[in-house]
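# Chain and residue survey
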Protein chains: 2
Amino acid sequence: MSGARVTMRDVARAVGMSPMTVSRALRSDSSVSLETRTRIRAAADRLGYVYDGTAAAFRTRKSGFVALTLPSLNNANFAETYRGLSEAMAGSGMQLLLGATNYQVEKEEELVRQLLARNPEALVLTGGHHTAAMRDLVAARNLPLVEMWDLPEAPLGHAVGVSTEAAMALVVAHLVETGRRRFAFLGASEGTDRRGAARRAAVEAAARSHGLPQVAFIDAGPAPVSMRQGAARVAEIGREIADHDALICVSDPVAFGALSACARLGLDVPGDLAITGFGQFEVAEVAVPQITTVAVEAHRIGEEVAGLLDALLAGEAAPRRIEIAPRLVPGATSAQA
Amino acid sequence: MSGARVTMRDVARAVGMSPMTVSRALRSDSSVSLETRTRIRAAADRLGYVYDGTAAAFRTRKSGFVALTLPSLNNANFAETYRGLSEAMAGSGMQLLLGATNYQVEKEEELVRQLLARNPEALVLTGGHHTAAMRDLVAARNLPLVEMWDLPEAPLGHAVGVSTEAAMALVVAHLVETGRRRFAFLGASEGTDRRGAARRAAVEAAARSHGLPQVAFIDAGPAPVSMRQGAARVAEIGREIADHDALICVSDPVAFGALSACARLGLDVPGDLAITGFGQFEVAEVAVPQITTVAVEAHRIGEEVAGLLDALLAGEAAPRRIEIAPRLVPGATSAQA
DNA sequence: GCCTAAGATGTTATCGGTAACAAAAACTGT
DNA sequence: ACAGTTTTTGTTACCGATAACATCTTAGGC
């Protein structure tokens, strides 16, 4: 049952070979004969041997960890990026060490501290905004570093992400084409969501370049904002929301909330008001009417990050910024006015 | 920058003491005199010493990890449980090591192997169904083990979860009260989703006990099934779906998909058909009409698991099973017929 | 046959902390 | 002042895997 743990030595004894050979065999290494290898594998299974990564990490001074921060797990896009990353890294022997920041930069700093204590071989951060202390922390380590989703002009290390400007320009252009000009942006309170703020700024810039009037800002409360907040805020405003003719929402869940509230208010979408979201969440496609959104290849972001890491860990050169092109997915919530 | 790395031995030499004393001083062991401790701390700083957690983990065989498997991150309930767990464990110095199984038991086994390689001090699994090899694997380790969400009669270790029977009985009773009798269950294909299959079985049992006719099964395809699959399947069936008078969906996202499809088909919910979901996802509350669902305190499951782990890691006794009571949240999709 | 190259396996010595036990130094009360 | 405690420091022996180097086979060339 319990007893002493099974080590390579035990496996070695069982097959009458040296622990070194067992080590080589289990790491699927070249120089062990096929027969020996299968014999060792079988013995290991039989004895219930489990590889001790801690010991290996200690000896080789390689933790096998890639540390990763995400704002939240409960977000289809981040979850999908995680999947892409984890699938693409499956063969590499690296393990992901995940932490959630709940959208707070201070939390991120603390989290990164904890993650660094595990001696990760690389660090992947979501977002391009960090505390100064955090930047020092990672600079001192001199680790391969990738920021994702955002696409800073000057990344701390490398970056894989979407140009917010490009993405929001698509939305604004589309709304202009379908005849809208009085825009409002629905997102989280000032200062609580950098990514959202960047989207808003990009919308404003695009609106200016189209010669549109000032874009109104509707505050849905502190981040994270989702369906509930979107719905509540629009419900609170009531039918006056239709003084605008397009409501650009910071994300699809928020857009869905707004859409629901409109339905309850008896407003016609897109007749009285166009609504757009961001992120191509499932709810945008399934909602009635289908919500206009921007698709970002979340899974591919993960894959590209994995590719970068692969190169960086192998000491190869790698592109500093990888831009993932956003794509407009026109839905029925912004059909021709 | 860096030459040879600075170890405790170097620090010890610098202050003329033994490495053991340095070790104690840096861990703020009370048995080191204050003066010695400050002297050692100063020397460590001066020399640029960095504590090697890997070495400590290796020697003490305490990794400070709690390993955790989740079927998917992209699920509000699991994400919330993760949050509950991680928040409740924040002070304990333990770190969560997460892996996603994508709802496959074979994947779970492989994943658990990887996680065990990190010498976690406890293991938390989502679900109560595992491969035999996995059960052996964890039995051999003799680790504190908690299964969550499901509530097996005989847990491998401990369990925190919801009684599926109780939950689905609430739904069935509610539908009977509001005048429905011709039930259909919409969920993933046979054999691809244990948790879903259990819900279906529970619905059938409850229906029998109410003397209702056989519950029809509508196959939404292999797990995981979500909004898209629910919508597609109902769209495919068309208006005949209303031959039933209640559609019990395996989850809220599926229910929302079904609801959308009904809207597109011009069916009146709840007039032509009642719809229920499971899990109190945000979409259930925000959808129009609001979807009847079953609330499970996902965050609390995480907290309770953390409490259990706390006790188990301290070597204290702990309850074998903790049952979280489900609660019906009646929405408009099942209003009185 | 003999010799060399390539292939397969073995030996030794750690990596950097810390548990367990041992001992010296500093107190305590009588 | 001395035995008994308590506090502080030291010694020894690992934890389990693997890098580096050494050794033994086997195959093939001449």
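Residues numbered from 1 in each chain as written. Chains lettered and ligands numbered in written order. Predicted model: local features only at pLDDT ≥ 70, side-chain atom pairs only at ≥ 80, totals over all residues. Heavy atoms only, no water.

## Digging into the interface of chain B and chain A
In this assembly, 53 residues from chain B lie in contact with 51 residues from chain A. Interface of chain B and chain A: buried area, both sides summed, is about 4500 Å²; carbon and sulfur atoms make up 52% of it. Taken together, the links from chain B to chain A amount to six salt bridges. Ionic pairing is found between Glu-282 of chain B and Arg-228 of chain A, a salt bridge with its closest N-O pair at 3.8 Å. Looking at the side of chain B that touches chain A, the elements with two or more residues in it are helix 4 (53–60), helix 5 (76–89), strand 2 (95–100), helix 6 (105–116), helix 7 (132–141), helix 10 (227–237), helix 11 (252–265) and helix 12 (282–286) of chain B. Broken down by element, the residue count for the side of chain B that touches chain A peaks at six residues, all from strand 2 of chain B. (Contact = heavy atoms within 4.5 Å. Buried area = accessible area lost by both parts, 1.4 Å probe. Salt bridge = Lys/Arg side-chain N within 4 Å of Asp/Glu carboxyl O. Helix = DSSP H or I, 4+ residues; strand = E, 2+ residues; numbered from the N terminus.)

## Here's the deal with the nonpolar core
Leu-247, Phe-256 and Ile-275 of chain A together with Leu-247, Phe-256 and Ile-275 of chain B are the most contacted members of the largest nonpolar core, which has 157 residues in total. Excluding residues that lie within four positions of it along the chain, Phe-256 of chain A makes contacts with Met-227, Val-283, Ala-287 and Ile-291 of chain A together with Phe-256, Val-283, Val-286 and Ala-287 of chain B. (Core = buried A, V, L, I, M, F, W, Y, C linked by side-chain atoms within 4.5 Å. Buried < 20%, exposed > 50% of the residue type's maximum accessible area, 1.4 Å probe, protein only.)

## What about the relation of the copies chain B and chain A?
Once turned by 179° and shifted 1.5 Å along the axis, chain B lies on chain A with an RMSD of 2.3 Å. In the structure described here, the two chain copies are related by an operation that fits a two-fold rotation axis. Counting the interface residues of chain B, we find that 85% of their copies in chain A are interface residues as well, pointing to one common contact surface. (Least-squares fit on C-alpha atoms with pLDDT ≥ 70 in both.)

## Considerations on the pattern of salt bridges
Any two side chains of opposite charge can pair if their charged atoms end up close together. All names here are of chain A. As enumerated under the stated definition, the model contains 30 salt bridges over all chains in all. The salt bridge involving Glu-87 is made with Arg-83; its shortest N-O contact spans 2.8 Å. Here Glu-87 and its partner Arg-83 are both found in helix 5 (residues 76–89), four residues apart, which amounts to about one turn of the helix. You can call Arg-83 partly exposed: its relative accessible area is 32%. Where salt bridges share partners, they join Glu-80, Arg-83 and Glu-87 into one cluster.

## Focus on the protein's contact with DNA strand C
Taken together, 28 residues form the shell around DNA strand C, and within it Thr-36 of chain A together with Arg-5, Ser-23, Tyr-51 and Arg-59 of chain B come nearest. Within the backbone of Ser-33 of chain A, one N or O atom sits 3.1 Å away from a phosphate oxygen of DNA strand C. One of the side-chain nitrogen or oxygen atoms of Thr-36 of chain A is found 2.7 Å away from a phosphate oxygen of DNA strand C. Elements that contribute at least two residues to the surface near DNA strand C include exactly helix 2 (19–26) and helix 4 (53–60) of chain A together with helix 1 (8–15), helix 2 (19–26) and helix 4 of chain B. Among the elements that take part in the surface near DNA strand C, helix 4 of chain B stands out by supplying five residues, more than any other. A breakdown of the residues in the surface near DNA strand C according to their chemical character gives twelve nonpolar, eight polar and eight charged. (Near = heavy atom within 4 Å. Polar contact = N/O pair within 3.5 Å; in protein donor to acceptor, adjacent residues only side chain to side chain. Nonpolar A, V, L, I, M, F, W, Y, C, P; charged D, E, K, R; others polar.)

## A few points about the protein's contact with DNA strand D
Taken together, 28 residues lie around DNA strand D, and Arg-5, Ser-23, Tyr-49 and Tyr-51 of chain A together with Thr-36 of chain B are the ones closest in. At 2.7 Å, a side-chain N or O of Arg-24 of chain B approaches a base nitrogen of DNA strand D. Of all the secondary-structure elements, those providing two or more residues to the surface near DNA strand D are helix 1 (8–15), helix 2 and helix 4 of chain A together with helix 2 and helix 4 of chain B. No other element matches the five residues that helix 4 of chain A contributes to the surface near DNA strand D. When the residues that make up the surface near DNA strand D are grouped by side-chain class, the tally is eleven nonpolar, nine polar and eight charged.

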